[in-house]
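Listed here are the chains, written in short residue letters.
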Amino acid sequence: MDFNNLRINGKRLRETIETSAGIGATPNKGLIRCAATPEDKIGRDLLLKWYKEAGCEVTIDEMGNMFAVRPGKNRELGAVLTGSHFDTQKPGGRFDGILGVLGALEVMRTIQENNIELERDFIITNWTNEEGGWFAPACMGSGVWAGNHSKEWAYERKDRDGKTVFGEELEKIGYKGTFPCSYKEWNIYAAYELHIEQGPQLEQAGIQIGAPKGILCLHWYDVYLEGTANQVGPTPMVGRNDALLAASEMNIVVNKVAHQMGNMVGTVGEIQNYPNSRNIIPSKVHFTVDIRSWDDEHAVKAWKMMKKEFEVIAERRGCPIRTEEFWKVAHAPFDQELNDRVVESAEALGLSAMKMYSGAGHDMSEVNQVTRGAMIFVPSIDGRSHVEVEETPYEDCENGVNVLLQCVLKTADEV
Ligand code: HGY
Ligand code: MN
Ligand code: MN
């Protein structure tokens, strides 16, 4: 059937995004809605209501991943899946992940109200804990689903304050389902994810739609330093074992090596300092290192260089060091045909499009490991994200969802 002139309902899309923006809203127009929190539950309950109103069969798996299914004419064929995450950073923005979840819902609503019967099942999803904002790592729900972690390992993840574990909090909000969390329980033919770019490229190029060829690898490390606490007043400068000073020098090393190596990013984003008192020399520091590159080996080489310099600093400062590899996800090259389809669909809608890479991690880093995957990007104002001022004009959101609609319709009718 010819759906080239079918369009989504932009007003309804905007209203759902604005409704979502009221759940865990911060005073500065952002969101705090970390996975497995009461705010996450409110959001999930609303999604459940919307999924059912759109006529879907809903499944919630052991990791709380939500799947809303519209049966196709031929259920033997693999399904087309699209979705993203409804959880946010702490604080985060109103579009990161949310556009992909609500854009998928809008596509489902458009298909339902036009009584379109697709060949293949069509599945829209909300992946649990993509951000890792309260419980690390990121992409936790999709990571278990893709077979990269056991659900038991995920359930035991401690929160950032070390006060609780993920499994308990997921149970508390009522979304620890019983359906097995595994891609093997589903027959997926192809997957798409719509997402804001979270960077400056589309805006700088004046392009409306991004078609990422893939996602950089994400390597996360933890560094622990032991110093010697003492009274800051009487303790001479010479001979101190100041753990925070050692960590500060190491932060500069991360930045320096990332610049030297090129084609990568390296960031120290999180740090805990103990006892964190203005008149006690710091005795314990934990900080994180996030390294990303299209070339996984390049990223590993950078870490080895950083770690070597860390050890010299630790020795010189008399601050014993311990490092841990916390989480790694390989770079994710997307399916060429689906990636081309994103560009073709955009251009058929009269939208400009360009191929690019994603520096941000997404659930598609995991999903793409077990099925054919592709993503659709729309611009971020000033390239900002993971901040309360994160913003994408609703017209761009509508463009992205219309491209998603066309990709889904074409792919779900392939036999
Ligand atoms: O870290 C990321 O890029 C994503 O937000 N999880
Ligand atoms: Mn995201
Ligand atoms: Mn994010």
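Residues numbered from 1 in each chain as written. Chains lettered and ligands numbered in written order. Predicted model: local features only at pLDDT ≥ 70, side-chain atom pairs only at ≥ 80, totals over all residues. Heavy atoms only, no water.

*Asks:* How should the packing of helix 2 (residues 38-53) against helix 3 (residues 98-113) be read in this particular structure?
*Replies:* For any two helices packed against each other, the geometry is given by the interaxial angle and the distance between the axes. Between helix 2 and helix 3, the least distance of the axes is 10 Å, while the angle of their chain directions is 20 degrees. For the element pair helix 2 / helix 3, the angle class is roughly parallel. For the crossing formed where helix 2 meets helix 3, the hand is left-handed. Residues Leu47, Trp50, Tyr51 and Glu53 of helix 2 lie in contact with helix 3, whose contacting residues are Val101, Leu102, Leu105, Arg109 and Gln112. Looking at the contact of helix 2 with helix 3, its residues break down into six nonpolar, one polar and two charged. (Axes fitted to C-alpha atoms, helices over the stretch in contact; angles between N-to-C directions. Helix = DSSP H or I, 4+ residues; strand = E, 2+ residues; numbered from the N terminus. Parallel < 35°, antiparallel > 145°, perpendicular 65-115°, else oblique. Left-handed = near helix turned anticlockwise from the far one by under 90°. Contact = heavy atoms within 4.5 Å. Nonpolar A, V, L, I, M, F, W, Y, C, P; charged D, E, K, R; others polar.)

*Asks:* So what exactly am I meant to see when it comes to the pattern of salt bridges here?
*Replies:* Taken as a whole, this structure holds 27 salt bridges when the rule is applied. Among the ionic pairs, aspartate 45 bridges to lysine 41, the shortest N-O distance being 3.2 Å. Of this pair, aspartate 45 and lysine 41 are both found in helix 2, four residues apart, which corresponds to roughly one turn of the helix. Assessed through its relative accessible area of 32%, aspartate 45 is described here as partly exposed. (Salt bridge = Lys/Arg side-chain N within 4 Å of Asp/Glu carboxyl O. Buried < 20%, exposed > 50% of the residue type's maximum accessible area, 1.4 Å probe, protein only.)

*Asks:* Honestly, the packing of aromatic side chains in this entry has me stumped. Any pointers?
*Replies:* What characterises a pair of aromatic rings is the spacing of the ring centres plus the angle enclosed by the ring planes. All told, the structure shown has 14 aromatic pairs when counted by the stated rule. A centroid spacing of 5.5 Å and a plane angle of 75 degrees characterise the contact between phenylalanine 135 and phenylalanine 166, whose relative ring orientation is edge-to-face. Remark: phenylalanine 166 occurs in helix 6 (residues 166-172) and phenylalanine 135 occurs in the loop between strand 4 (122-127) and helix 4 (140-145); sequence separation between them is 31 residues. For the ring pair tyrosine 221 and tryptophan 303, a centre distance of 3.8 Å and an interplane angle of 5 degrees mean the geometry is stacked. On the criterion of sequence distance, the pair formed by tyrosine 221 in strand 7 (residues 217-226) and tryptophan 303 in helix 9 (residues 296-317) is long-range, its members being 82 residues apart. One aromatic cluster is present, formed by Phe67, Trp127, Trp145, Phe179, Tyr183 and Trp186 through successive ring pairs. Looking at arginine 322, its charged tip hangs above the ring of tyrosine 224, at a distance of 4.1 Å from the centre. Across the ring face of tyrosine 189, the terminal group of arginine 372 is positioned such that the distance to the ring centre comes to 5.1 Å. (Phe/Tyr/Trp six-rings, centres within 6.5 Å; stacked < 30°, edge-to-face > 60°. Lys NZ or Arg CZ within 6 Å of the ring centre and 35° of its normal.)

*Asks:* Got a minute to help me understand the nonpolar core in this structure?
*Replies:* For soluble globular proteins, the rule of thumb is that nonpolar side chains tend to be buried together. Leu102, Ile111, Ile209, Val342 and Val403 are the most contacted members of the largest nonpolar core, which totals 99 residues. Residues lining this core come from more than one domain, with at least three contributed by each of domain 1 (10-216 + 331-412) and domain 2 (217-329). The next biggest cluster of nonpolar side chains, apart from the first, holds 27 residues, and it includes Cys217, Met250, Val253 and Cys319. (Core = buried A, V, L, I, M, F, W, Y, C linked by side-chain atoms within 4.5 Å. Domains from an automatic or database assignment.)

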